[in-house]
Amino acid sequence: TTPEVELRGNIAGFTTGGTTFQIGIVTINFVPGTTDIDVPGGIDNGKYVEIEGVLQNATTVLASSIEEEDEDFGESVDDISMQGAVADMASGISNFLVGSQRVDASGIAGLTLMDGMNIKVEGKIEGSKLIADEVEIRDSDTKLRTFVNDVIPGNTAFRVNYLPLAGTVTVRTNAQTLFEDKTGVVLKNFSVDDLAATDFVRIEGQEVNDEVVASVIKRVDSVGQDLKLEGAVDSHFDNVSITILGIEYVIDPGGETGFEQFGDSSTLFFAVMEDGDFVEIEDKFPANGIADEVELE
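On a predicted model such as this, the values are computed, not experimentally measured, just so you know.

Caption draft 1: Expanded view of the packing of aromatic side chains. Taken as a whole, this structure holds nine aromatic pairs when the rule is applied. Measuring from centroid to centroid gives 6.1 Å for phenylalanine 259 and phenylalanine 270, while their planes differ by 65 degrees, and the two rings are edge-to-face. Remark: phenylalanine 270 occurs in helix α1 (residues 266-272) and phenylalanine 259 occurs in the loop between β20 (247-250) and α1; sequence separation between them is eleven residues. Of the two residues, phenylalanine 259 and phenylalanine 270, both sit in the buried class. By the ring-pair criterion, three or more aromatic residues cluster together here, those being Phe259, Phe262, Phe269 and Phe270.

Spelled out as structure tokens, the structure:
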């Protein structure tokens, strides 16, 4: 997807009647009548503005909105924030891509990124590279509530299962993952090292390459816990099954499976739902591999 960009700075290089100007080394293009412009007196050189838009190339932004700011706090004119998918991590943390923009995040201690991860990055343009001073992992929309299957050697990742269904989901952690132990004996420095098979965990994270990069991991008591699988639908068969993260849940229309949003009509649900949509599946205790509640997020 095309990265979304926010940029603040003083207008330069604008010519009356034109549709382009500069913020530092970044070229801003706008379309009169389409771009939302809130600049009293009109666009003019020297005015301090906030731009929102999309990155067209490494140093060009197509503005969706331009708004004059009341105060200039002396920030660099090329101060920028952008959101998009990480690519080319093979080049390292100092030279990866977000869209077509090269990013150097080597100054952020403990940061771990993967290709495909959706992030928001803030920093300054130096040369043609964005030097990041803040990176935020975005879209923690995938949620898992289930049992640990096993810990992967290296102690930064583990797998969970949805027994009696086949398959496991790999969960990866990094320096940004928050751990919380809510079992009877609370561990102050809880981490992947402390997980074991059959532990019940609640996970929030982001799906990346058919795995989950966790932002939050909570270990809780397993007694009476319902299983939950929430994420983007890989594939489905109407009234038969829904597959998320490789886990294929059985659908029992008119029986065990409920579709509360659609008046419990599986026909309406499958008429609306498409592969790629976010769906939440609950398998109530004791789990049997048949979806009890299905909800379109």
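Caption draft 2: Fine view of the nonpolar core. Counting 37 residues, the largest nonpolar core has Leu144, Phe158, Ile203, Ile242 and Phe269 as its most contacted members. For this core, the element with the highest residue contribution is strand β17 (residues 211-220), accounting for four residues. Discounting chain neighbours no more than four positions away, the residues touching phenylalanine 269 are Ile242, Phe259, Phe262, Val279, Val294 and Leu296. Listed in part, the 36 residues of the second largest apolar core include Val103, Ala105, Ala132 and Val135.

Caption draft 3: A look at the environment of glycine 84. Counting through the fold element by element, glycine 84 comes out in strand β7 (residues 79-87). When the C-alpha positions of glycine 84 and threonine 34 are compared, they lie 23 Å apart, and in sequence the two are 50 residues distant. The contacts of glycine 84, once residues within four sequence positions are left out, are Pro3, Val98, Met117, Asn118 and Ile119.

Caption draft 4: Structural detail: unusual backbone geometry. Following leucine 163, the chain continues to proline 164 via a peptide bond in cis, the omega torsion being 10 degrees. Of note, the amide linkage connecting phenylalanine 285 to proline 286 takes the cis form, showing an omega dihedral of -5 degrees. Tracing the chain through its elements places proline 286 in the loop between β21 (278-283) and β22 (293-296). Positive phi is not limited to glycine here, since aspartate 88 has a value of about 55 degrees. Relative to the assigned elements, aspartate 88 resides in the loop between β7 and β8 (96-98). Classification of aspartate 88 by relative accessible area gives partly exposed; the value is 25%. Positive phi, normally seen in glycine, also occurs at aspartate 210, with a value near 70 degrees.

Conventions adopted
Residues numbered from 1 in each chain as written. Predicted model: local features only at pLDDT ≥ 70, side-chain atom pairs only at ≥ 80, totals over all residues. Heavy atoms only, no water. Phe/Tyr/Trp six-rings, centres within 6.5 Å; stacked < 30°, edge-to-face > 60°. Helix = DSSP H or I, 4+ residues; strand = E, 2+ residues; numbered from the N terminus. Buried < 20%, exposed > 50% of the residue type's maximum accessible area, 1.4 Å probe, protein only. Core = buried A, V, L, I, M, F, W, Y, C linked by side-chain atoms within 4.5 Å. Contact = heavy atoms within 4.5 Å.

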